[in-house]
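Descriptive analysis of the structure
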Amino acid sequence: MQIAFTSSDNTVVDQHFGQASAYCIWEIGPDRSEFVGKVSPLLAAGAETDEEDRTTARANAVAGCAIVCTVQIGGPAAAKLVARKIHPMKTGIDVPIAEVVSKLQQVLKGTPPPWLRKAMNGGAEPATADE
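Here's a quick rundown of the structure. (Residues numbered from 1 in each chain as written. Predicted model: local features only at pLDDT ≥ 70, side-chain atom pairs only at ≥ 80, totals over all residues. Heavy atoms only, no water.)

**Overview of the pairing of strand E1 (residues 2-5)**
Using the following cut-off: Strands pair, by our definition, only if DSSP identifies at least two bridges between them. Secondary structure is summarised from DSSP: a helix means a run of H or I of at least four residues, a strand means a run of E of at least two, and numbering begins at the N terminus for each.
Judged from the four bridges that link them, E1 and strand E3 (residues 23-28) form a sheet pairing that is antiparallel. Residue pairing across strands places phenylalanine 5 opposite cysteine 24, the latter belonging to E3. For E1 and strand E5 (residues 67-70), the ladder comprises three bridges, and the chain directions are parallel. Bridge pairing links isoleucine 3 to isoleucine 67 in E5.

**Some thoughts on the sheet that holds E5**
For clarity, the threshold we go by: Comment: axis = line fitted to C-alpha atoms, over the contacting stretch for helices; angle = value between 0 and 180 degrees taken between N-to-C directions. In this analysis, two residues are considered to be in contact whenever any of their non-hydrogen atoms come within 4.5 Å of each other.
The strand order across the open sheet formed by five strands is E4-E3-E1-E5-E6, and the pairing between neighbours is mixed. In this open sheet, the two edge strands, each paired with only one partner strand, are strand E4 (33-39) and strand E6 (87-90). For this sheet, the mean inter-axis angle between neighbouring strands, taken without regard to orientation, is 25 degrees. Lying on the sheet, helix H3 (residues 97-109) is in contact with E1, E3, E4, E5 and E6; it crosses E3 at an angle near 30 degrees.

**Examining the packing of aromatic side chains**
The line we're drawing: Classification of ring pairs uses Phe, Tyr and Trp, with its six-membered ring standing for Trp, and accepts pairs whose centres are within 6.5 Å; under 30 degrees between planes counts as stacked, over 60 as edge-to-face, and the remaining range as tilted. Exposure categories follow from relative accessible area, calculated using a 1.4 Å probe and restricted to protein chains: below 20% of the type maximum is buried, above 50% is exposed, and the middle band is partly exposed.
Following the criterion strictly, the structure yields two aromatic pairs and no others. Measuring from ring centre to ring centre gives 5.3 Å for phenylalanine 17 and tyrosine 23, while their planes differ by 35 degrees; the resulting arrangement is tilted. Taken individually, phenylalanine 17 and tyrosine 23 each receive the classification buried, so the pair is uniform in this respect.

**Some thoughts on the pattern of salt bridges**
We count it as follows: Just to be clear on terms, a salt bridge is a Lys or Arg side-chain nitrogen sitting within 4 Å of an Asp or Glu carboxyl oxygen.
Across all of its chains, the model carries three salt bridges by this definition. For lysine 109, the salt bridge is made with aspartate 31, and the minimal N-O distance between the two is 3.9 Å. Taken together, the residues span a long stretch of sequence, with lysine 109 in helix H3 and aspartate 31 in the loop between E3 and E4 at a distance of 78 residues. One exposure class covers both lysine 109 and aspartate 31, and it is exposed. One salt bridge connects lysine 103 with glutamate 99, and the closest N-O pair in it is separated by 3.5 Å. Here the residue lysine 103 and the residue glutamate 99 both occupy positions in helix H3, the gap between them amounting to four residues, near one helical turn. Accessibility expressed as a relative area gives 36% for glutamate 99, which makes it partly exposed.

None of this, on its own, says anything about what the molecule does.
Structural data, given as structure tokens:
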């Protein structure tokens, strides 16, 4: 699954979702992880002054990601991500991306919580053992 990180250097999650100039995209699975690239929000003309347009551009930039890992994110931006079936994950502090990747991989190797299984399935409800 793809995960976006708000990082100024592709090493540490160290930015607020709404202030990041670009998002570092990683492909993460239980046994492997790799940096895919960076994406920047494309703002329409005049959007730099309109909060709604900036938030939409940022959500568009991370489309296709299951999770956005960020130091902080505002309520409206988080709601916009959730509406697109992208799970916002706040760290609250600067955290090395390698640490977040390692923890996610540990969870993926076990029994991921329902929200993560849903994120891995592109927002679809995960199948249960009874189905």
